[in-house]
Amino acid sequence: MRFRPLALGAALALIPALILSAGTPKSRKHSGGPVKTAGEAKAIAERETGGRAVHARRISLNGASSGWEVDLRMPNEDRGWRCIIDSDTHMVHSKARIDQPGARSKADGPVRMVKGSR
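None of these values were measured; they are calculated from a predicted model. (Residues numbered from 1 in each chain as written. Predicted model: local features only at pLDDT ≥ 70, side-chain atom pairs only at ≥ 80, totals over all residues. Heavy atoms only, no water.)

So, about the sheet that holds strand β4 (residues 91-99). To summarise the sheet geometry, strands pair through backbone hydrogen bonds and adopt either a parallel or an antiparallel arrangement. What the four strands build is an open sheet, ordered β1-β2-β3-β4; its pairing is antiparallel. The open sheet has two edge strands, β1 (52-61) and β4, and neither has a second partner. Direction aside, the axes of adjacent strands within the sheet are offset by 20° on average. Bridging between β1 and strand β2 (residues 65-73) involves nine bridges; their strand directions are antiparallel. Residue pairing for β2: Arg52 is matched across the bridge by Arg73. Across the sheet, helix α2 (residues 38-49) lies against β1, β2, β3 (79-86) and β4, angled at about 55° from β2, the strand it touches most. (Pairing = 2+ DSSP bridges. Helix = DSSP H or I, 4+ residues; strand = E, 2+ residues; numbered from the N terminus. Axes fitted to C-alpha atoms, helices over the stretch in contact; angles between N-to-C directions. Contact = heavy atoms within 4.5 Å.)

Structural data, given as structure tokens:
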């Protein structure tokens, strides 16, 4: 008879712990390590500026740490952004306005041949 109350008490003590451990969702925050892929860097830059990332390349920052340079195309705007992402902090280090990446400039247009005198 003494066994039943002890088993019941142990079961009641374990039930809340099982519910809490099973119900915790996975964290959506960044992992503790540095930004390793261009896709991660593009996602950070897109979230910060609201544009569409076109190009990302790895660069060195301050000689000791590394980062990513991401070019972003801004819809319905004349200019885009170039963001520098710090790999260690997962934050935008700096932003600069640039011409729209991937857009054709006036010099890239069709070649016109002018016929006439020399």
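Turning next to the packing of aromatic side chains. Summed over all chains, the structure comprises zero aromatic pairs. Lying over the aromatic face of Trp81, Lys95 brings its terminal NZ or CZ to 4.6 Å of the ring centre. Lying over the aromatic face of Trp81, Arg97 brings its terminal NZ or CZ to 4.4 Å of the ring centre. (Phe/Tyr/Trp six-rings, centres within 6.5 Å; stacked < 30°, edge-to-face > 60°. Lys NZ or Arg CZ within 6 Å of the ring centre and 35° of its normal.)

The next subject is the environment of Ala53. For Ala53, the location among the structural elements is in strand β1. When the C-alpha positions of Ala53 and Val70 are compared, they lie 6.7 Å apart, and in sequence the two are 17 residues distant. Look past the residues within four positions of Ala53 in its chain and what remains in contact with it is Lys42, Glu46, Val70, Asp71 and Leu72.

Most often, soluble globular proteins have nonpolar side chains that are buried together. Ala45, Trp68, Val70, Leu72, Cys83 and Ile85 are the most contacted members of the largest nonpolar core, which has 13 residues in total. Every element with two or more residues in this core is listed here: α2, β1, β2 and β3. Contact partners of Ile85, with chain neighbours within four places excluded, come to Ala41, Ile44, Ala45, Leu61, Gly67, Trp68, Val70, Met91, Val92 and His93. (Core = buried A, V, L, I, M, F, W, Y, C linked by side-chain atoms within 4.5 Å. Buried < 20%, exposed > 50% of the residue type's maximum accessible area, 1.4 Å probe, protein only.)

The values are spatial; any link to function lies outside them.
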